[in-house]
Every structure is written in C-alpha cells, then in structure tokens.
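For reference, the chains in residue letters:
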Amino acid sequence: TQGMVLRDGALMSKSKGNVVDPDKMLERFGADALRLYEMFVAPPEQELEWTDTGLEGSYRFLTRVWRLVTAVGPVVSGAAGDLGTMTLDDAHRALRRKTHESIRRVSADLDPRVHLNTAVSALMELVNDLYAFCEQQGLAPHATDEAYPADRVPGDTACVLAEAVDALVLMLSPFTPHLCEELWEQLGRTGGLVTAAWPSFDPDVARADEIVVPVQVNGKLRARLTVATDVSNDDLRTAALADASVRSHTEGKTIARVVVVRRKLVNIVVT
C-alpha cells in the first residue's frame, strides 16, 4: 500500500546513489517543512517524484504562515465578541465562509478519506485568502516579523481573523507540530495544542451565498450563470433561456427540452 519514492525518474536507493540525506534537509529546511512536503507531494499509496524545489516550496509556504500569524498575533489574541451577532460586510462573510469550508474539507480529508495532500491544498487556499483579506483591510503582513497594534483593527475584523487564524494553526498542527506550537503560543493561547479542541464548522456559514451554474446548448457550454444558492429549478431555467449568450444559439430554433440539474447544470436541447 506504500508508493515508492523516485528521483530523476529512478527508484531512490543507496545502490544507485540517488538518495536524499534527511539530515541535510532537516538542517536546511527544518523537520516541519520536510514533513509537510512528504505529505503534500502525493497520496501515500502512489509513487512520488522527489524534487528539492518542492521541498523549498513547502518551506516558503510555512514562512508565509509564520509571517501572517506574527503580523496579526496581537490583534487575534485580544479579539473579543460573538460573530453570530455581528453585522458583517461581504469581505468578512467571505473569509468566515472560507474558514468554515476549509474546516469541513480538511476534517473530511484527514478522516475518513485520509487524503493528506488535498488537506494541505485546502490550507494553502485558506492562507491565500487570509493574505488577500489582510491586504484589503490594510493589514498585509510585512517582509519582516512586524506585528500590528491591536488598537488599529476594528472589532469585527479582529474576531473574523481570530476565528480563521486559530483554525489555520489547529488544522496545520498535525503536519507541522513544532511550528504550530510556537504560533499557538504567539497567539496568546495557553495549555498547548494538545489541550485544544479540533475546530468545528457551521454548515450555514460554510454555504456560499451564490453559485455558478454552467449552461449548455446541445451539450456545448455556452454560458455560466451566477445565481443564489437557493434558486429554484424554474427560476434557473428562466435565467438560462434569457441569457444573451444562450439566446444567440437558440434563436430561430425549436427548444425540444430543458434539463435542469439542481444547482449544477442547465442543458438546453434545440433542433
């Protein structure tokens, strides 16, 4: 059940002299970057092609995580308030949605799916969204480990960031335990990660407000509709037939039928 490790297309072995010295990797990049790379590069049952650049990529990702948490640490540690009672704007709701969606994805990828590489991918997406949110709020992490004073950040922003960053560190900890233990302490959390509960997600928060539904005409993609998540089949059918790009392929033709796969697809058959 274990995939083999290749280097330059050949099975890594001492006899071929193409092995990687783990001590040198640990000295240069640290244990956590090495752990993360091994779990991210491929599922455990598949072969993987070892590349030093891939390990460097994992190291750079962890550097971004460190810089992010260091920058917002004072903000997050002092956050107080109930997000459920706050009136949030689109940017804040979007980050909350990404946070809860990421918790759902990573939790399922770890157990029962045991797809560690896709769990890491979800965490990388969350970090990208966190950077985008911080930049939008004027809190983009600096090139140095400089922290932002907590009094510069509105309460709703601090609470949304605290929820997202706490979840990020907790979910990353199975992959990079040493780094995350340090970050947890920087966030002002006591007791260590071993005493912290795994984050839970709210399905209502994780659900997107809008979805994109492809529209096909005779099986060929002709448009994409952005609609509310609770759109009815009738409304979706009406919107698809009214779309300008769709009409250009249906005008002068007979619509034989319209197949609506709820919230997933509209296929218009014309003759």
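Attention here is on the structure that accompanies the text.

Conventions adopted
All residue numbers here refer to positions counted from 1 along the written sequence of the relevant chain. Reporting of local features is limited, given that this is a predicted model, to residues whose pLDDT is at least 70; pairs of side-chain atoms are given and counted only at 80 or more, and all residues count toward the totals for whole chains, interfaces and linings. Excluded from the side-chain calculation are hydrogens and water; included are all heavy atoms of the structure. Angles shown run from 0 to 180 degrees and are taken between the N-to-C directions of axes, each axis being a line fitted to C-alpha atoms and, for helices, limited to the stretch in contact. Numbering of helices and strands starts at the N terminus; helices are DSSP runs of H or I of at least 4 residues and strands are runs of E of at least 2. When describing relative orientation, an angle under 35 degrees is termed roughly parallel and one over 145 degrees roughly antiparallel, while 65 to 115 degrees is termed roughly perpendicular and anything else oblique. We call a crossing left-handed when the near helix sits turned anticlockwise from the far one by less than a right angle, and right-handed when that turn is clockwise. Whether two residues are in contact is decided by their heavy atoms: any pair within 4.5 Å suffices. Residue polarity is assigned by list, with Asp, Glu, Lys and Arg as charged and Ala, Val, Leu, Ile, Met, Phe, Trp, Tyr, Cys and Pro as nonpolar; anything else, Gly included, falls into the polar class. Strand pairing is defined by DSSP finding a minimum of two bridges between the two strands. Put simply, buried Ala, Val, Leu, Ile, Met, Phe, Trp, Tyr and Cys residues joined by side-chain atoms within 4.5 Å make one nonpolar core. Each residue is assigned to one of three classes by its accessible area relative to the maximum for its type, calculated with a 1.4 Å probe on protein chains only: buried under 20%, partly exposed between the two thresholds, exposed over 50%. Only Phe, Tyr and Trp rings are paired, with Trp represented by its six-membered ring, and only when their centres lie within 6.5 Å; those with planes under 30 degrees apart are stacked, over 60 edge-to-face, the remainder tilted. Criterion for a charge above a ring: Arg CZ or Lys NZ at most 6 Å from the ring centre, at most 35 degrees from the ring normal. In this description, the term disulfide denotes a pair of cysteine sulfurs within 2.5 Å.

## What about the packing of helix H4 (residues 90-110) against helix H5 (residues 116-136)?
And step 1. Their axes nearest at 9 Å, the elements H4 and H5 cross at an angle of 165 degrees. Judged by the inter-axis angle, H4 sits roughly antiparallel to H5. When you trace H4 past H5, the crossing you get is left-handed. Judged by residue contacts, Ala91, His92, Leu95, Lys98, Thr99, Ser102, Arg105, Val106, Asp109 and Leu110 of H4 engage Leu116, Thr118, Ala119, Ala122, Leu123, Glu125, Leu126, Asp129, Leu130, Phe133 and Gln136 from H5.
And step 2. Looking at the contact of H4 with H5 residue by residue, the class counts come to 11 nonpolar, 5 polar and 5 charged.

## Focus on the side chain of Lys98
And step 1. With respect to the helices and strands, the residue Lys98 is situated in helix H4.
And step 2. When near neighbours in sequence (up to four residues on either side) are disregarded, Lys98 contacts Arg105, Glu125, Leu126 and Asp129.

## What about the sheet that holds strand S3 (residues 48-49)?
And step 1. What the 3 strands build is an open sheet, ordered S2-S1-S3; its pairing is mixed. The sheet is open, and its two borders are formed by strand S2 (10-11) and S3, each paired with just one other strand.
And step 2. As judged from the 2 bridges shared by strand S1 (residues 5-7) and S2, these two strands associate in the antiparallel manner. Its bridge partner lying in S2, Arg7 is registered against Ala10.

## Remarks on the nonpolar core
One recurring pattern in soluble globular proteins is that nonpolar side chains are buried together.
And step 1. Counting residues in each nonpolar core, the largest one holds 59 residues, and the members touching the most others are Leu130, Leu161 and Val169.
And step 2. Those elements giving two or more residues to this core turn out to be helix H1 (22-29), helix H2 (31-40), helix H3 (52-77), H4, H5, helix H6 (155-172) and helix H7 (177-186).
And step 3. Broken down by element, this core gets its largest block of residues, 13 residues, from H6.
And step 4. Setting aside residues up to four positions removed in sequence, Leu161 forms contacts with Val72, Val76, Leu95, Leu130, Phe133, Cys134 and Leu139.

## Comments concerning unusual backbone geometry
And step 1. A cis amide bond links Asp111 to the next residue, Pro112, at an omega of 20 degrees.
And step 2. Within the secondary structure, Pro112 sits in the loop between H4 and H5.
And step 3. Phi at Asp8 is positive, roughly 55 degrees, even though this residue is not glycine.
And step 4. Topologically, Asp8 is positioned in the loop between S1 and S2.

## Description of the packing of aromatic side chains
And step 1. One pass over the structure, following the stated rule, counts 2 aromatic pairs.
And step 2. The ring of Tyr131 has Arg64 sitting right over it, with the charged end atom 4.1 Å from the ring centre.

## Looking at the pairing of strand S7 (residues 265-270)
And step 1. Most of S7 sits inside the fold, with 5 of its 6 residues counted as buried.
And step 2. Relative to S7, strand S6 (residues 255-261) runs antiparallel, the two being bridged by 6 bridges. From the neighbouring strand, Val258 faces S7, where its bridge partner is Ile268.
And step 3. Between S6 and the antiparallel strand that follows it, S7, lie 3 residues; Arg263 among them carries a positive phi value of about 65 degrees.

## A closer look at the packing of H3 against H5
And step 1. Closest axis-to-axis distance for the H3/H5 pair is 11 Å, and the angle between their directions is 40 degrees. The pairing of H3 with H5 is recorded here as oblique in orientation. The handedness of the crossing between H3 and H5 comes out as left-handed. Between H3, through Phe61, Arg64, Val65, Arg67, Leu68 and Val72, and H5, the contact on the second element is made entirely by Leu123, Met124, Val127, Asn128, Leu130, Tyr131 and Cys134.
And step 2. Taken together, the residues of the contact of H3 with H5 break down into 10 nonpolar, 1 polar and 2 charged.

## Here we look at the state of the cysteines
And step 1. Per the stated rule, a full pass over the model turns up 0 disulfides.
And step 2. For Cys134, which is in no disulfide, the shortest distance to another cysteine sulfur is to Cys159 and amounts to 14 Å.
And step 3. Not part of a disulfide, Cys180 finds its nearest cysteine sulfur in Cys134, a span of 17 Å.
And step 4. Judged by relative accessible area, which is 0%, Cys180 ranks as buried.

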